[in-house]
Amino acid sequence: MSEKFETFSYDDAIVKKFLLATVIWAGVAFLLGILIALQLAFWQLNFNTEWLTFGRMRPLHTNAAIFAFAGNAIFAGIYYSTQRLLKTRMYNDMLSKIHFWGWQLIILAAAITLPLGFSQSKEYAELEWPIDIAITVIWVIFSLNLFGTIARRRERHLYVAIWFYIATVITVAVLHVINSIEYPVSLLQSYPVYAGIQDALVQWWYGHNAVAFFLTTPFLGLMYYFIPKAANRPVYSYRLSIVHFWSLVFIYIWAGPHHLLYTALPDWAQTLGMIFSLMLWAPSWGGMINGLLTLRGAWHLLRTEPIIKFMVAAVTFYGMSTFEGPLLSIKSVSALGHYTDWIIGHVHSGALGWNGMLSFGMIYFLIPKLWKQEMYSKKLMTYHFWFGLLGILLYYISMVTAGITQGMMWRAIDATGRLVYPDFVETVMRIVPLYYVRAIGGVLYFIGFCLMVYNIYKTLKAAPKDSKEEVYKAMPMEANPEKPDAKWHRRLEGKGFAFSLLAFLAIIVGSIIEILPTLNIDKYVPQNVYVDPFTPLEQTGRDIYVKEGCYVCHSQMIRKLPEEVLRYGKASSIADSMYDRPFQWGSKRTGPDLARVGGKYPDLWHYRHMLDPRAVTQNSLMPAYPWLFEKKIDFMSTRKKLTVLQNLGVPYTDEEVANADKLASEQAERIAASLATELKNLDPQSPVTAKSLRDKEIVALIAYLQALGTKVDDSELVEASE
Amino acid sequence: MSDIKDDEKEILLDHDYDNIQELDNPLPKWWLLTFYGTIIFSVFYYAYYELGSGPSLSEELREDMQVVEAKMREADRKAEANIDWQALAKDPEALAVGKSIYDKNCASCHAAQGQGLIGPNLADNYWIHGDGSMPEIAKILKKGVLEKGMPPWQEILKPEELQATTAYVYNMIGTNPPNPKAPQGEKIEL
C-alpha cells in the first residue's frame, strides 16, 4: 500500500502575497471612505479640484473596498483553503502569479482612471472597456487555475467551501461579461449596448449579484473553512449546507430589481425582485445558523480568542444584513428607504461587519500559519476588535437614523396637500450632524485596522527567515472510490464538472427570465409617444455629467409615489430614458432628482450654481465645478459619439451624424451669447464674453441639464387616455 | 480531528477535509417554516398583483394623487375665499413668514432685497407681468413663467405662505435697494 502515497507541497507564497495586498488595499479603501464621508459633511474637502471631487472619489472608494480589499482577501483565503481541502498544490504556480499581478495592475489602473474621470458610471462596474477586458482575462486565468486544481485533487468529494468557490467563479464571470457589453468610442470611453430600463435592469442584476457572488458566496466559503478550523469544531449540519447552498445560488440571482422599486421598470420585474428577496431570507440565514452553531460547545473561546470574536461578529452581521435586505426589498419599505443613507448603512453593516470582520479573523488565523510565528500581541487583536465593532455600530446607527429621518421628511405631506419640507436642502441640513458621527465611526474602524498593521509588522519582523515548503503525503483520489451506498448529493460532490454545470444552470435560469423580455424595449413604449434623442451638444454635456459622477448624488428617476410627483414632477416613464446610454437613474439622493430639471431654472442659474452652489442655494453641500469653466469641449469627438449611438439604434439621421460638430458648436454659440449678455447686465465689468464661453464644457453641461425631461412628446397618449 | 462531544458521535459524518468534520443535524424547524412561509407568501403576492386584480403601481399613484389634489383645491378655495389683502400687507406676522419664504426660495434669483439678479428687480415700479397689485403678484407666483425661468409656486407653497410672500413682495416696491438691476417691463404708478 505505502508505495501508493504521493508527496506534494502547498504554494503558500501566493497566499502571503494576496494577504499582504489585502492589508495594503484595505488601508487605501478605508482612508478613501473617511475622506468621502467628511466631504459630505464639509464640502470644502472637495478642494475645488477635479480629481479629488466626491463624484470621482466615491467610485474609487467602492472599487477599492470591493475589488481591492475584499477581492484580495477572497483570493488569499481561496488559495490557502482550496489546496488543503483538495490535498493538492494549486494547478499552476505561474497562473497563480499572473492572477496576482494582473489583479493588482487592474486595481492600479482603476486608481488612475477613476480620479481622471474615465468612468462608465455603472456602479461597481465603472471601469472602462480596456480594463473590463483585462478583468475578463484575469478571471479566466483564475478559473482555469481553480478548476485545474479541482481536477487534480486527491480528495474525492468537494467540501462545501469549494461549492461556494465554484458558484463564485462561474457567476462573477457571467455577470461581468454580460454587464460589460459596450461599444468603444475611444480608448477610454464607451457606451453600453443597453439603454434605459434595459441598462438599469442589467446593471442592478449585476450590482446586486456582485454583492451576492463577490461579497457573499466566497465569504461563506471562507466561513466554512476558517470557523471550524479556528474553533476546532465540526460543522453543524451537512444537510443544511446542501439546502442553503442550492437555494441561495438559485434565488439570489433574481433579486436585482429590488433596487428599482416604484421606478419605470415594468411592474412584473419589480414584483419578482421583491418576492425573490423575501425568499432569500431563509437561505441566507441557513449560512448564519451553520456558522454560529458550529461554535456550539466552544462558546468559551469567544471570551478568550480574538479570532473567534471576529468570526462570530462577522456571521452575526451577516445575519443582520441578510434580514435587513429582504426587509428593504418590501415595496413600501423601499419607498421610504431607497435613495437615502439607510441603504448606505445597510451596505456597511455587510461590508465592515461581515466582509471586514471575517477578513480580519482570517488574517489573524493565517499569519501565524504562513510565517510560522505567533501573533505579536493578542491584546492588540482584542483592541482591534473593539475599535472595529464600535466603529461599525456608530456608522450603522447614524446612517439608519439619517436615512429614516430624511425619508420621512421627503414624504411628509400636510393637510393642504403640499410637501411639509419643499426645500430639499433643509432635509440635508437636518442630517449633516449624523454625517460627522458616521465619519467618527469610520475613524474608529480605521484605528482598529492600524493596530492590526502594527501587530502584523511586529510579527513578521520576528518571524524565522527560512521558510521551506512542508511536504505532505496523501493517496491519489483513485485509492478512495465512491462508496456504493453514497447518496446522490455525495456522488455529485465527487463530480466537479457536473457540480459546476448544475451551479451554472441554477444562476442562469433567473437571469434569462428577467433580462430577456426587456431587451425588446420598443414593445414597452406606446406607438404614439415620440422621443427625441439628445442633440450633439447635449450628449457631450451628458458625457461630462457621467464623467463628473453627478449620479452619485443625483437620481434621474421620479418614482411612482405622490411625494415624488409633488416634488419633482410627473413620474418617469420608460420613454424618458429610452436612449440613455448609460442610464443615470442613480441610487442615492444627496441632492434632488434631476429627471425634469430641464427648464426649471434659467441658464444663468445653472451657470452660477455650478461655479459656486452656495452662491445660489445657501447651505448646499454640492461641490463646485470651476474646471468646467476652463476646460474646452472636444467638438470633433461628437461625430464619433453620434456614429456609435446611431449604430446602437438611436434614431439620428446621417446628416445629423455628419454635421454633429457643427450642430454642437452652433448650439453652444447660442447659449454662450445669451449667458454673456445676462452676465454683462448683472455686472458690466464681467470679463465673460460669448467668445470666451462658447467652447467651454459648462455650456455643454447646461445644454444637457436644460434638456432633461423635455424630450418626450406624449400629448397624443395623454389625450387618448382622457 | 475536530473536538467532538459524546452526543454528537451518532450524527458525525464519516468524512474529514483537512481535519474539518461535519455533523448531520436536521434542518431547524423554525428555519424550514420561515422558508416555506416566504415561498407561500410570494406565490400569493405575485398572483394577486401580476396575474390577478391587484392594482398596478400607476393605478395606485393615480388614486393617491387624486386625494392629494383634492386636499390642495380645498385648501386653496378656503384661503382665497376670505382674503383681505390690505390687512395682510400690514400684518407683521404674515410679513415675517413672507420674508423667510422669500429668503429661502426667491433671493437666489431676485437677490436678497429684491434688487434683481437672475430674475427681474421686484423693488422698482416696472412690471413685466400684471400691474404690481397684490392679486396680480399672487397670480404670477402661483403660475410662474416657466419658459422665462420663473418657477410656479402654487403646488410648493401652502396657500397662506403664498399670500404672505405676496404681501412681502408688495412691500418691497419702492424700497430702492442698492445695486438695482436695470428696469424691465412697463412702468406702473400705483
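Residue indices begin from 1 for each chain and proceed along its sequence in written order. Chain labels run from A onward and ligand labels from 1 onward, assigned in the order the entries are written. Predicted model: local features are reported for residues with pLDDT of at least 70 only, side-chain atom pairs are reported and counted for 80 or more only, and whole-chain, interface and lining totals are derived from all residues. Only hydrogens and water are removed before side-chain values are computed, so all heavy atoms of the structure are retained for them.

### Some points on empty space enclosed by the protein
Here the idea is plain: a probe the size of a water molecule rolls over the atoms and shows the empty space left.
Argument step 1. Every definition here rests on a 1 Å grid over the protein atoms only: cavities are sets of points where a 1.4 Å probe fits but cannot get out, pockets are open sets enclosed by protein on both sides within 12 Å along at least five of seven lines, and lining residues have some atom within 4 Å of a point. Grid points are joined across faces, edges and corners, and a volume is the space filled by probe spheres set on the points. If you walk through the whole model with that rule in mind, you get nine cavities of 30 Å³ or more.
Argument step 2. The volume enclosed by the second largest cavity comes to roughly 200 Å³.
Argument step 3. Tallied by class, the residues present in the lining of the second largest cavity amount to 12 nonpolar, five polar and four charged. By the convention adopted, Pro, Cys, Tyr, Trp, Phe, Met, Ile, Leu, Val and Ala count as nonpolar, Lys, Arg, Asp and Glu as charged, and the other residues, Gly among them, as polar.

### Some thoughts on the side chain of Glu697(A)
Residues and elements named next belong to chain A.
Argument step 1. Strands here mean DSSP runs of E at least two residues long; helices mean DSSP runs of H or I at least four residues long; both are numbered from the N terminus. Mapping Glu 697 onto the fold places it in helix H27 (residues 697-707).
Argument step 2. Summary of the burial criterion: residues with accessible area below 20% of their type's maximum are buried, those above 50% are exposed, and those between are partly exposed, where the area comes from a 1.4 Å probe applied to protein chains only. For the purpose of charge, His is not counted, nor are the chain termini; Lys and Arg are scored as positive and Asp and Glu as negative. Any Lys or Arg side-chain nitrogen located within 4 Å of an Asp or Glu carboxyl oxygen qualifies as a salt bridge. One buried charged residue, Glu 697, forms no salt bridge at all, with the nearest opposite charge on Lys 631 at 4.6 Å.
Argument step 3. Once residues within four sequence positions are removed from consideration, Glu 697 is found in contact with Ile 544, Leu 628, Lys 631, Lys 632 and Ile 633. Two residues form a contact once any of their heavy atoms are found within 4.5 Å.

### So, the interface of chain A and chain B
Argument step 1. Each partner contributes to the interface: chain A provides 72 residues, whereas chain B provides 62 residues.
Argument step 2. Each of two parts loses accessible area, computed with a 1.4 Å probe, when they are put together; buried area is these two losses added. Here chain A and chain B share an interface that buries about 5,900 Å² over both sides, 63% of which is from carbon and sulfur atoms.
Argument step 3. Between the two partners, chain A and chain B, sit seven salt bridges.
Argument step 4. When the shortest N-O distance is used, the salt bridge between Glu426(A) and Lys104(B) registers 3.6 Å.
Argument step 5. As used in this structure description, the phrase polar contact means that two N or O atoms lie within 3.5 Å; if the pair is within protein, one of them must be able to donate a hydrogen and the other to accept it, and residues adjacent in sequence are counted only when both atoms belong to side chains. Applying the counting criterion to the chain A and chain B interface returns 21 residue pairs in polar contact (both at pLDDT 80 or more).
Argument step 6. No other element matches the nine residues that helix H9 (residues 267-279) of chain A contributes to the side of chain A that touches chain B.
Argument step 7. Among the residues making up the side of chain A that touches chain B, the classes are represented as 41 nonpolar, 13 polar and 18 charged.

### Here we look at the layout of surface pockets
Argument step 1. Empty space within the second largest pocket amounts to approximately 1,100 Å³.
Argument step 2. Lining the second largest pocket are 31 residues, with Lys560(A), Lys570(A), Ala571(A), Ser58(B) and Arg62(B) positioned closest to its centre.
Argument step 3. Those elements that provide at least two residues to the lining of the second largest pocket are helix H28 (715-721) of chain A together with helix H2 (57-81) of chain B.
Argument step 4. With five residues, H2(B) is the largest single contributor of residues to the lining of the second largest pocket.
Argument step 5. Taken together, the residues of the lining of the second largest pocket break down into 16 nonpolar, six polar and nine charged.
Argument step 6. Note that domain bounds follow an automatic or database assignment of domains. When residues of the lining of the second largest pocket are assigned to domains, at least three fall in each of domain 1 (12-514) and domain 2 (533-721) of chain A.

### Description of unusual backbone geometry
Argument step 1. Look at the link from Arg581(A) to Pro582(A): it is a cis peptide, with omega at -10 degrees.
Argument step 2. You can see Pro582(A) is positioned in the loop between helix H20 (562-568) and helix H21 (603-611).
Argument step 3. Of note, the phi angle at Asp18(B) is positive, near 45 degrees, even though the residue is not glycine.
Argument step 4. Here Asp18(B) lies in the segment before helix H1 (29-51).
Argument step 5. Positive phi values are uncommon outside glycine, yet Asn19(B) reaches one of about 75 degrees.
Argument step 6. Counting through the fold element by element, Asn19(B) comes out in the segment before H1.

Any link to function would need more than the numbers given here.
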